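Structural overview
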Amino acid sequence: FKNHKGYSDAERISVFCHAALETLNYTKCFTDHIFTDSHRTSLIPALLKLKYRYYEGYENIRTFHYINENDYGIYNRNYMQSVFCIDKESSHILLCAGEINLTKAAILCSSRIFVGENGVSVLYDKNSSVHHAAVQFGFKIRKLRMGIDYALFDPEKDFEIQKNYNASTLLQKRKNKLMLQRHYGLQQDENIPLI
């Protein structure tokens, strides 16, 4: 397969995703959540579900996959075992229309799917190879608004409030931000914007 188009890209994806998961075992530092954000990392949820969940430390890891591109990660089905190291019994997770489709695998295997503005067409185009998986597993899918929420954090406005207006309004906004950071398990720092 060395001369087949897409082989080296598939090989890079497989090596990276396996290495990312093996690093957890090497460092003995197992995380609660793994976030993946493209077809290049979408093999990670499938590997966790199909291979790594049987190993100590990996069984409770949840994956969140973000789709914001129209590239599905489609590869030759012959790469299933030789490149992606997925056995024949589990091949149905990766296969879609006779080819490996890493985005479909992420939809099936992730705990939650987030969709950005550029990824909506991937899920709702009826001619799309992942449309059926998106319909079947739609309960996992959430739309994600990207960017800084200026209603919660606007540095210039905060500065003006502090300079010209009632300081208690600014203090309340900072308290709210710290509360949200604490709620979501983020670092609590009033200078970090909410994104």
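Structure: see above.
The following paragraphs examine the structure supplied in this document. Residue numbering note: each chain is counted from 1, following its sequence as written. pLDDT decides what is reported in this predicted model: residues at 70 or higher carry local features, side-chain atom pairs at 80 or more are listed and counted, and totals for whole chains, interfaces and linings draw on all residues regardless. With hydrogens and water stripped out, all remaining heavy atoms of the structure feed into the side-chain values.

**Description of the sheet that holds strand S5 (residues 99–101)**
Note: strands within a sheet are paired through backbone hydrogen bonds, in either parallel or antiparallel orientation. Rules: For two strands to count as paired, DSSP must find a minimum of two bridges between them. Secondary structure counts use DSSP, requiring at least four H or I residues in a row for a helix and at least two E residues in a row for a strand, with both numbered from the N terminus. Contacts between residues were defined by any pair of non-hydrogen atoms, one from each residue, lying within 4.5 Å. Working convention: axes come from line fits to C-alpha atoms, limited for helices to the stretch in contact. Angles between N-to-C directions cover 0 to 180 degrees.
Taken in spatial order, the 3 strands of this open sheet run S3-S5-S4, and their pairing is antiparallel. With partners counted over all chains shown, the strands left at the sheet margins are strand S3 (74–75) and strand S4 (95–96), one partner each. Helix-sheet contacts for helix H5 (residues 102–109) involve S3, S4 and S5, and the interaxial angle to S5 is about 55°.

**Focus on the environment of Asn101**
How we decide: For the exposure calls, accessible area comes from a 1.4 Å probe over protein chains only, and a residue counts as buried if that area is under 20% of its type's maximum, exposed if over 50%, partly exposed in between. Here a polar contact is recorded for every N or O atom pair within 3.5 Å, except that within protein the pair must consist of a potential hydrogen donor and a potential acceptor, and residues adjacent in sequence are included only if both atoms are side-chain atoms.
Within the fold, Asn101 resides in strand S5. Assessed through its relative accessible area of 1%, Asn101 is described here as buried. With 30 residues separating them along the chain, Asn101 and Asp71 place their C-alpha atoms 9.8 Å apart. Engagement of the side chain of Asn101 in a polar contact is seen with the backbone nitrogen of Thr103, the distance being 3.1 Å.

**Things to note about the pattern of salt bridges**
Where side chains of opposite charge bring their charged atoms close, a pairing between them can arise. Which entries qualify depends on this criterion: One speaks of a salt bridge when a side-chain nitrogen belonging to Lys or Arg is within 4 Å of a carboxyl oxygen belonging to Asp or Glu.
On inspection of all chains with the given rule, the structure shows 1 salt bridge. Note that Asp9 is salt-bridged to Arg12, the shortest N-O span being 3.9 Å. Taken together, the residues Asp9 and Arg12, both in helix H1 (residues 7–27) and 3 residues apart, mark about one turn of the helix.

**A closer look at the packing of aromatic side chains**
Rules: A pair of Phe, Tyr and Trp rings is counted when the ring centres sit within 6.5 Å of each other, with Trp represented by its six-membered ring. The angle between the planes then sorts it: under 30 degrees is stacked, over 60 is edge-to-face, the rest tilted.
Tallied over the entire structure, the rule returns 6 aromatic pairs. Look at Tyr52 and Tyr55: their rings are 6.1 Å apart centre to centre, the planes differ by 65°, and that puts the pair in the edge-to-face class. Centroid distance Tyr52 to Tyr58: 4.9 Å. Interplanar angle 50°. Geometry classified as tilted. Across this residue pair, the class does not change: Tyr52 and Tyr58 are buried. Taken together, Phe30, Tyr52, Tyr55 and Tyr58 form an aromatic cluster joined through their ring pairs.

Keep in mind these numbers describe shape, not what the thing actually does.
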